[in-house]
Amino acid sequence: MNKKIIVGGAALLIAAGAYVSLTQTEAQEAATAIPPQGNPIVEVILPETLSAEAQMGKRAFDAVCAACHGTNAAGNKAAGPPLVHKIYEPSHHGDMSFVLAVQQGVRAHHWRFGNMPPQDGLTKADVAAIIAYVRELQRANGIN
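Residues numbered from 1 in each chain as written. Predicted model: local features only at pLDDT ≥ 70, side-chain atom pairs only at ≥ 80, totals over all residues. Heavy atoms only, no water.

**Q** Would you mind going over the overall build of the chain with me for this structure?
**A** Within the chain, the regular secondary structure consists of five helices and zero strands. From first element to last, N terminus to C terminus, the chain shows the α and β order α-α-α-α-α. Here the chain holds 144 residues, and the buried ones make up 29% of them. If you take every contact in the chain between residues at least 6 apart in sequence, the share linking residues at least 24 apart comes to 67%. As presented, the chain carries roughly 9,600 Å² of accessible surface, and 59% of it is formed by carbon and sulfur atoms. (Helix = DSSP H or I, 4+ residues; strand = E, 2+ residues; numbered from the N terminus. Buried < 20%, exposed > 50% of the residue type's maximum accessible area, 1.4 Å probe, protein only. Contact = heavy atoms within 4.5 Å. Areas by Shrake-Rupley, 256 points an atom, 1.4 Å probe, with all protein chains shown as cover.)

Following this line, the structure appears as structure tokens:
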């Protein structure tokens, strides 16, 4: 009887360990997966010119943000919201909101895309340039 309990307990521990390992692996894969490409959510009018800072921001945005937030921050129906949207106007989501989103991530609250994870590899200057780019896009689209 004691042998059956020991063997059963060992089997249960092995099964639990395998479950935890698989769950962690799936979570890690999901966190590093490239978001699916979807159609833009909004139509974005591009400004005639971008400031030098916004041009740098566009390059950083394209490298880090566009996979989820879409080309020119128009959103991605399969992955993330547009940033050229009245929800993200400066009076509702100030520049610090963008800084904190990059540093800490964001819990989903306006859209149903799930939580945004923190974004690694961006300097403070990169984030400032991305904000300049997004704000110039917003102004070109009547969002002040």
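Having put the structure on the table, let's press on.
**Q** Honestly, the environment of Ile 87 in this entry has me stumped. Any pointers?
**A** Note that Ile 87 resides in the loop between α3 (66-69) and α4 (95-104). Ignoring anything within four residues of it in the chain, the contact list for Ile 87 reads His 92, His 93, His 110 and Trp 111.

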